[in-house]
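# Summary of structural features
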Amino acid sequence: ADATNGNGNGHSPYLEDSRTGLGVDTLKRAIRNNLFYVQGKFPEIATRNDYYMAIAYAVRDRLLQRWVASVKQYIQEKHRVVAYLSAEYLLGPHLANNLINLGIYKETEQACKELGLDLEWLIEKEVEPGLGNGGLGRLAACYMDSLATLEVPAIGYGIRYQFGIFEQDIRDGWQVEDTDNWLRRGNPWEIARRELSYDIKFGGYVQTYLDRAGKLCFNWIPELVVKGVAYDTPILGYKVNTANTLRLWKSEAPHSFDFQSFNAGDYNSAVNSKIICENISKVLYPNDEQIEGKRLRLQQQYFFVSCSLQDMIGIHLRQGEKIHDFHKKFVVQLNDTHPAIGVAELMRLLMDVHQLEWEEAWDITSKTFAYTNHTLLPEALETWDLQLFGSVLPRHLQLIYEINRRFVDYATIKLYGNHQKISSLSLIGEGPRKYIKMANLACLGSFAINGVAALHSELLKKTVLKDWYELMPHKFQNKTNGVTPRRWMVLANPELTNLISGKIGEGWIKNLHELKQLEPFADDPEFRKEWMQVKFNKKKALAKRIKKRLGVDVDPNSMFDILVKRIHEYKRQHLKVLHIITLYNQIKKNPSMDVVPRTFIFAGKAAPGYRKAKLMIKLINSVGEIVNNDPDINGRIKVVFYPNYNVTNAQKIYPAADVSEQISTAGKEASGTGNMKLSLNGALTVGTLDGANVEIRECVGEENFFLFGLTADEVAKVKSEGYKPWDYYSENPNLKEVIDQINSGYFSHLDSKVFKELTDSLLYDDQYLLFADYQSYIDTQAKVEEAFKDQDKWARMSILNTARMGKFSSDRSIREYCDEIWKVESVPVTLD
Ligand code: HBZ
């Protein structure tokens, strides 16, 4: 039975290999062997983690077989390669995902069973690598999955943070942070490539000299040299042989670090410089959408970008190719401006190391990079204090000055000396202190610039990148985000996956447009029943977790109304709170009123230094405490804040959602991707016309989407005319009551000061227009409630949401990047 691969995974048929075969008996043997030969353990003493490791290693062997085949083929056939540069990868747990992509989930489950193990229980144990903050990092992970699934040669480059995004706990309603020591039990999914390392320079000064031919040369004498060591994780595509590489860099002291101090007996200073080197990849900065102008952050960015570009050049030259053709071999995608220093670094490598002249170096550089922007918040555009920048990267400061000098000369002619425009386009900002504008460096150095949803890409051209658009319109594109259906459906929701595949086959997993075939089943009462049964089971499972984690009883028959994402004023979690309190007040005034029972579930982390966001978490929990325990409410509404939102928890939450809250101020959310995962899992969206909500609504149909609030244009108009929150407050008695109640200390044990900072900002200078959208939001929520009463109709709407989400696969996004920006082709990998 073990001689054939019976998993139907669509590989070309090949003989079962006794070492890396995919049959149950081979898997069993591999797990036992790993336990014994790799870990020196036997069943009598093996722990849960030992078994997890044994399975992980067994699976990794199978990945390696495909990985080696992929790398070999790329090298031999010299294919064009995508290099995705991202400071963040929010991968989520590996084991179950790899089992699904290998097509051996069932076989492994069976192998475990025969060994007396419960696979699900072992999977629960895995600590996820949280090497990202939120949407941007998770997008990079979905894109790695789709690149491999589409069989596109690609390398993901990033940082191997020793500590990822902090772990969140809630104490007395407040967020407290704990370090994320994700490597404490080892990481079976990575391979340290000790031999693959690069020296990275920092600080010091630049010597200029004339070489023998009289050419002006630059010699960067650093103050500090750090070694970057490669750690590779194979990323397997879904039911293909392609396994691409995610190469993350760890910083270390170079071999001969501070030899002098050491010899002189100054051990402290020798150890100190070791610590300084290791610090660079020590910890992920936990800020999303706000800049932290810290030296270490700039060092992190330069560190990983320089390692990556040196690595690419090495790969290119080792293939016997010429440096002049670098841009033909690699296309480098910048995931936001975090790797934008790459533009100056490639110039440095080409000129100072590979001796090219400026013109040719610039020609290659500007044909290599493409830039994705992820924000419309002007305050989130990255800048670096020029002095700080120069002290970390003195040579790059020179290069940026020269890039800028040439550019400003060009722009002056193109723009007839329109000084205001030229100064806005300049790479260097003037003010009390000079600063470097990374978005401008990215725009100038890239051949393509894209936003992440249609509305976002349009607004970029009208607002934050307007001057760039007017100067270089040909560079601008849109690439609407997508999410991988493998993790967000097959893995997170196997029950719904089976129900769908039972009707339309499995093709949709690779071609999400096929979900369209589900539409007719929306009219099938039996299917609707099964659909709602799956939803109910997922709600029950989440309710059980909530009970276990928080001790709160929630009713799986109630509507699960879900708002999960990073906590930020622009995402308006506090608007949701205003709705909850409004509802609470209605019931208090009329306790016998007929309300649809609802469970409001929040989750998300606040940047540790973002006081108002932390206050929003406290407000949610304080309101929950009152509402959940009020006998007049009698459990009809519940408020839950689920701690430590991460990929693992998201996989449990999305499938249980009835309602998806996407309530950002229009024009502020670049795209959103949680909105896609929720709708794909059959949740109905309550949303503004913001980011990808616009396109989701177009696809699912306006009758299957609860729209509210001002449009982006209206928001801009209200602001330009002077937004007066006080008018809304004084004219809307329900709103006034809610705000006064918060301020009276009703939710805070009569302490009237706790939430003052938050309510003051809403009343006096709210950039996010909560009060302007309040009534529209309340009215829309009444419609949601009405719709939920008709469960049969709700089921139809839910099915149609899923059926019409085909566009939002990351496979579609990646296909567009490949065809329209990267010009790369698929390379099917064959196994020997
Ligand atoms: O990127 C998000 C956008 O807010 C969201 O709308 C979009 O869907 C997603 C993917 O395109 N942006 C982020 O997640 N940004 C960050 O996490 C971030 C991290 C570090 C920074 C700045 C932003 O320095």
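Quick notes on the rules
Residues numbered from 1 in each chain as written. Predicted model: local features only at pLDDT ≥ 70, side-chain atom pairs only at ≥ 80, totals over all residues. Heavy atoms only, no water. Near = heavy atom within 4 Å. Polar contact = N/O pair within 3.5 Å; in protein donor to acceptor, adjacent residues only side chain to side chain. Areas by Shrake-Rupley, 256 points an atom, 1.4 Å probe, with all protein chains shown as cover. Domains from an automatic or database assignment. Contact = heavy atoms within 4.5 Å. Buried area = accessible area lost by both parts, 1.4 Å probe. Salt bridge = Lys/Arg side-chain N within 4 Å of Asp/Glu carboxyl O. Helix = DSSP H or I, 4+ residues; strand = E, 2+ residues; numbered from the N terminus. Nonpolar A, V, L, I, M, F, W, Y, C, P; charged D, E, K, R; others polar. Core = buried A, V, L, I, M, F, W, Y, C linked by side-chain atoms within 4.5 Å. Buried < 20%, exposed > 50% of the residue type's maximum accessible area, 1.4 Å probe, protein only. Pairing = 2+ DSSP bridges. Phe/Tyr/Trp six-rings, centres within 6.5 Å; stacked < 30°, edge-to-face > 60°. Expected span 1.5 Å × (residues − 1). Axes fitted to C-alpha atoms, helices over the stretch in contact; angles between N-to-C directions. Parallel < 35°, antiparallel > 145°, perpendicular 65-115°, else oblique. Left-handed = near helix turned anticlockwise from the far one by under 90°.

### A closer look at the site of the ligand
- Taken together, 18 residues surround the ligand, and among them Leu-136, Glu-289, His-374, Glu-669 and Gly-672 come closest.
- Separating an oxygen atom of the ligand from a side-chain N or O atom of Glu-669 is a distance of 2.7 Å.
- A distance of 3.4 Å separates an oxygen atom of the ligand from a polar atom in the backbone of Ala-670.
- Here the ligand has 520 Å² of accessible area as a free molecule, and 93% of this is covered by the chains.

### Focus on the domain arrangement of the chain
- As far as domains go, the chain holds domain 1 (1-77 + 104-125), domain 2 (78-93 + 128-481 + 815-822) and domain 3 (485-808).
- The straight-line distance from the C-alpha centre of domain 2 to that of domain 3 is 35 Å.
- If you look at the interface, domain 2 gives 45 residues, while domain 3 gives 48 residues.
- Approximately 3,600 Å² of surface area, both sides summed, lies buried where domain 2 meets domain 3, with 54% of it carried by carbon and sulfur atoms.
- Considering only the side of domain 2, the residues that lose the most area to domain 3 are Gln-168, Trp-174 and Tyr-238, jointly responsible for 17% of the buried surface there.
- Linking domain 2 to domain 3 there are 6 salt bridges.
- Linking domain 2 with domain 3 are 23 residue pairs in polar contact (both at pLDDT 80 or more), by the criterion used here.
- Of all the secondary-structure elements, those providing two or more residues to the side of domain 2 that touches domain 3 are helix H6 (135-149), strand E5 (167-171), strand E6 (174-178) and helix H17 (454-462).
- If one sorts the elements of the side of domain 2 that touches domain 3 by residue count, H6 sits on top with 7 residues.
- A per-class count over the side of domain 2 that touches domain 3 returns 19 nonpolar, 15 polar and 11 charged.

### Some thoughts on the nonpolar core
- Formed by 272 residues in total, the largest nonpolar core has its most connected members in Phe-771 and Trp-822.
- Among the elements that take part in this core, helix H2 (residues 48-77) stands out by supplying 11 residues, more than any other.
- Residues contacting Phe-771, with those up to four places away along its chain left out, are Leu-578, Tyr-723, Pro-725, Tyr-728, Tyr-729, Leu-735, Ile-739, Leu-762 and Leu-763.
- Counting residues in hydrophobic clusters, the runner-up holds 5 residues, among them Tyr-74, Val-827, Val-829 and Leu-831.

### Looking at the side chain of Gln-299
- Its place among the elements puts Gln-299 in helix H9 (residues 295-318).
- Once residues within four sequence positions are removed from consideration, Gln-299 is found in contact with Phe-202, Ile-280 and Val-392.

### Things to note about the pairing of strand E11 (residues 243-252)
- Counting buried positions over the 10 residues of E11 gives 9, a clear majority of the element.
- Judged from the 5 bridges that link them, strand E4 (residues 154-159) and E11 form a sheet pairing that is parallel. Counterpart to Ile-155 in the pairing with E11 is Thr-245.
- Looking at chain direction, strand E10 (residues 224-236) and E11 are connected through 10 bridges and run antiparallel. Counted as the bridge partner of Val-229 is Lys-250 from E11.
- Counting the residues in the hairpin turn of E10 and E11 gives 6 residues, including Lys-239, whose phi is positive at 50°.

### A word on unusual backbone geometry
- Within the chain, Lys-78 stands out as a residue other than glycine whose phi angle is a positive 50°.
- Tracing the backbone through its elements, the reader meets Lys-78 in the loop between H2 and strand E1 (81-85).
- Judged by relative accessible area, Lys-78 falls into the partly exposed class, the value being 43%.
- The phi angle at Tyr-416 is positive, at roughly 45°, despite the residue not being glycine.
- Considering the arrangement of structural elements, one finds Tyr-416 in the loop between helix H14 (394-414) and helix H15 (419-425).
- For Tyr-416, a relative accessible area of 77% corresponds to the exposed category.

### Observations regarding the packing of aromatic side chains
- The tally for this structure, following the rule as stated, stands at 24 aromatic pairs.
- Ring geometry for Tyr-143 against Tyr-817: centres 5.6 Å apart, planes inclined by 65°, an arrangement best described as edge-to-face. Here Tyr-143, found in helix H6, pairs with Tyr-817, found in helix H33 (residues 810-822); they are 674 residues apart in sequence, far enough to count as distant. For the pair formed by Tyr-143 and Tyr-817, the shared burial category is buried.
- Residues Phe-202 and Tyr-302 carry aromatic rings whose centres are separated by 5.8 Å and whose planes lie at 85° to one another, so their mutual orientation is edge-to-face. With Phe-202 in strand E7 (residues 191-202) and Tyr-302 in helix H9, the pair connects residues that are 100 residues apart, well separated along the chain.

### Comments concerning H14
- Counted at 1.5 Å a residue, the expected span for H14 with its 21 residues is 30 Å, and the 30 Å between its end C-alpha atoms agrees.
- Those residues of H14 that fall on the buried side of the exposure criterion are Pro-394, Arg-395, His-396, Leu-397, Leu-399, Ile-400, Ile-403, Asn-404, Phe-407 and Ala-411.
- After H14 finishes, the residue Tyr-416 shows a positive phi value of roughly 45°.

### A look at the packing of helix H22 (residues 573-589) against helix H31 (residues 770-789)
- Look at H22 against H31: their axes get within 10 Å of each other, and the N-to-C directions meet at 60°. The orientation of H22 with respect to H31, classified from their angle, is oblique. Considering the relative orientation of H22 and H31, their crossing is right-handed. Of H31, the residues touching H22 (which contributes His-574, Leu-575, Lys-576, Leu-578, His-579, Thr-582 and Leu-583) are Leu-770, Phe-771, Tyr-774, Tyr-777, Ile-778, Gln-781 and Glu-785.

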